[in-house]
Amino acid sequence: MKNKIAKYLIQLGDNCLILGQRLGELCGHGPALEIDIALTNISLDLLGQTRAYFQYAAEMSDDFDNEDQIAFLRKSSDYRNCHLTELPNTDFAHTIIRQFLFDQYHQLLLTDLMNSNDEKLKAIATKSIKEVNYHLRFSKDWVIRLGDGTETSKVKMQEALNTVWRYTEELLRPSELDIEMEGLGIGTNPDQLKEEYFEKVKSVLQFATLEIPENKFFGKGGKEGVHTEHFGYILSDLQYMQRTYPNQQW
Amino acid sequence: MSNKNWPLWEVFIRSKSGLHHLHAGSLHAADADMALANARDVYTRRNEGVSIWVVESKNIVANDPSKSEEFFEPASDKVYRHPTFYEMPDELSHI
C-alpha cells in the first residue's frame, strides 16, 4: 500500500517537475526582464512542489531511497506526467497558453487534495495552493491581455490555443491509480474536476475573445508512461548531470 | 511586444507592518496591474515585503539637480535644527 501511495505522489510530482523544467529553459530568454523573472519564479515554485512530493514518496517507496533518484534516475517510461507539460515553449503565446491550461487544472486538483485524508499530502496541497493561485492569476491575466490584445497577439494566441488544446483532456483523464487513491480518500479522480475545469477555462478564453477549438481527438498516454517525441530531449537535459556524476550533491 | 513601449514604474515596498514603504527600484509594465504583478515577481521573491506601491515614474515630481545649491545648502549649517540634545531610551528603535 505504501508503495502505491508513493507511485501516486510520483505521478503528482512528475507534472510539476517536467513543467518546471520546461519553464526553467526560459531563464534568461523571457520576452522581457520582468516576465523572465516571473516565469522562473513559477518554475521554482513547481520544482519546490516536486521536491515535497518526491521527498515524501522516497519515504514511502520500495524502489527509491531519495528524491534525486526519483527525479533524475528513472527511464522515460517511468515518468507519469501529462503530455501538456512536456510541450515545447515555442514562443510566449504557447508558453502562456500551456501554463494557463495547466494552472486551472492544478488549482482545482490541489483544492480537492486539501481534503485528502493523508495528512502529509494535505499539507503539501495546502502549501502549494497559494503558489498556484498566483500562477493562475498571472497566466490568466496574460491570456486575456494577449487574446484581447492586438491583431498580431490574437493570431498568435489562437494558434497556440489550437496547438495545445488537444492536450487538455488528458489532465482530466483518470489513471487506475487516480481511481484507486480516490476510493481510499487519499487522492482525486480528475474526472470529477472535468466539468468545472472546462467551464472555467472556456469562460476565460471567451473573455479573451479566443475561439475554443472543436477537437474530436485528444492526446493521452503520459500517465501510462508513453510520452511525446519532445520528452527524450527534456530528460537528457534534466538527467545528464546526475548520470554523469552519480550522487552529485549541491 | 517591445519593452520600448512599456512605461517605467517605480516600486515601493514595505518590509514589515508598521514600517514605511521604501523605494526598491523600478521596472517596465504596460499598466498598473502588470506593474504590481511584476513588482511582486521582481522585488519580493526573497520575502522582502508585505505591501507594494507602484507609481508611474512620470508622475513623480523631482527637484532640479542644477538648483540643488539653493535647495539644500542653506540647511547645512543649521545643526541646531537636529534634536540631538534629547536623551532617547535604548528600547526605542526606528527613530
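Quick note: structure is the one above.
Summarised in this report is the structure supplied together with it. What you see is a predicted model; the values in this text were computed from it and never measured.

The rules behind the values
Residues numbered from 1 in each chain as written. Chains lettered and ligands numbered in written order. Predicted model: local features only at pLDDT ≥ 70, side-chain atom pairs only at ≥ 80, totals over all residues. Helix = DSSP H or I, 4+ residues; strand = E, 2+ residues; numbered from the N terminus. Buried ≥ 20, exposed ≤ 12 C-beta atoms within 10 Å, placed from the backbone. Contact = placed C-beta atoms within 7 Å. Pairing = 2+ DSSP bridges. Axes fitted to C-alpha atoms, helices over the stretch in contact; angles between N-to-C directions. Expected span 1.5 Å × (residues − 1). Arc of directions from axis to C-beta.

1. Some remarks on the environment of Leu136(A)
Residues and elements named next belong to chain A. Topologically, Leu136 is positioned in helix 5 (residues 119-147). According to the C-beta neighbour criterion, Leu136 is buried, with 21 such atoms within 10 Å. Expressed as a C-alpha distance, the spacing of Leu136 and Asp63, which sit 73 residues apart in the sequence, is 34 Å. Excluding anything up to four places from it in sequence, Leu136 contacts Asp103, Gln104 and Gln107.

2. Observations regarding the sheet that holds strand 2 (residues 22-28) of chain B
All names here are of chain B. Read from one edge to the other, the open sheet built from three strands follows the order 2-1-3, with strand pairing classed as antiparallel. In this open sheet, the two strands that pair with only one neighbour each are strand 2 and strand 3 (51-56). Strand-to-strand, the axes of this sheet are offset by a mean angle of 25°, without reference to chain direction. Relative to strand 3, strand 1 (residues 8-14) is paired through six bridges, and the arrangement is antiparallel. Looking at the pairing, Trp9 lines up with Glu56 of strand 3. Strand contacts of helix 1 (residues 32-43): strand 1, strand 2 and strand 3, with the helix running at about 130° to strand 3, the strand carrying the most contacts.

3. Looking at helix 9 (residues 194-207) of chain A
Turn by turn, an α-helix covers 3.6 residues, leaving residues three or four places apart pointing in a common direction. Residues and elements named next belong to chain A. Between its terminal C-alpha atoms helix 9 stretches 20 Å, which fits the 20 Å expected from 14 residues at 1.5 Å a residue. Within the sequence span of helix 9, burial applies to Tyr197, Val201 and Leu205. Along helix 9, the residues classed as buried sweep out an arc of 50° about the axis, all on the same side. Residues of helix 9 that are exposed and point over 90 degrees away from its buried face: Glu195, Glu199, Lys202, Ser203 and Gln206. Elements in contact with the buried residues of helix 9: helix 4 (92-113), helix 6 (151-164) and helix 7 (168-172). One or two residues past the end of helix 9 sits Thr209, with phi positive at roughly 55°.

All we've got here are geometric facts, nothing functional implied.
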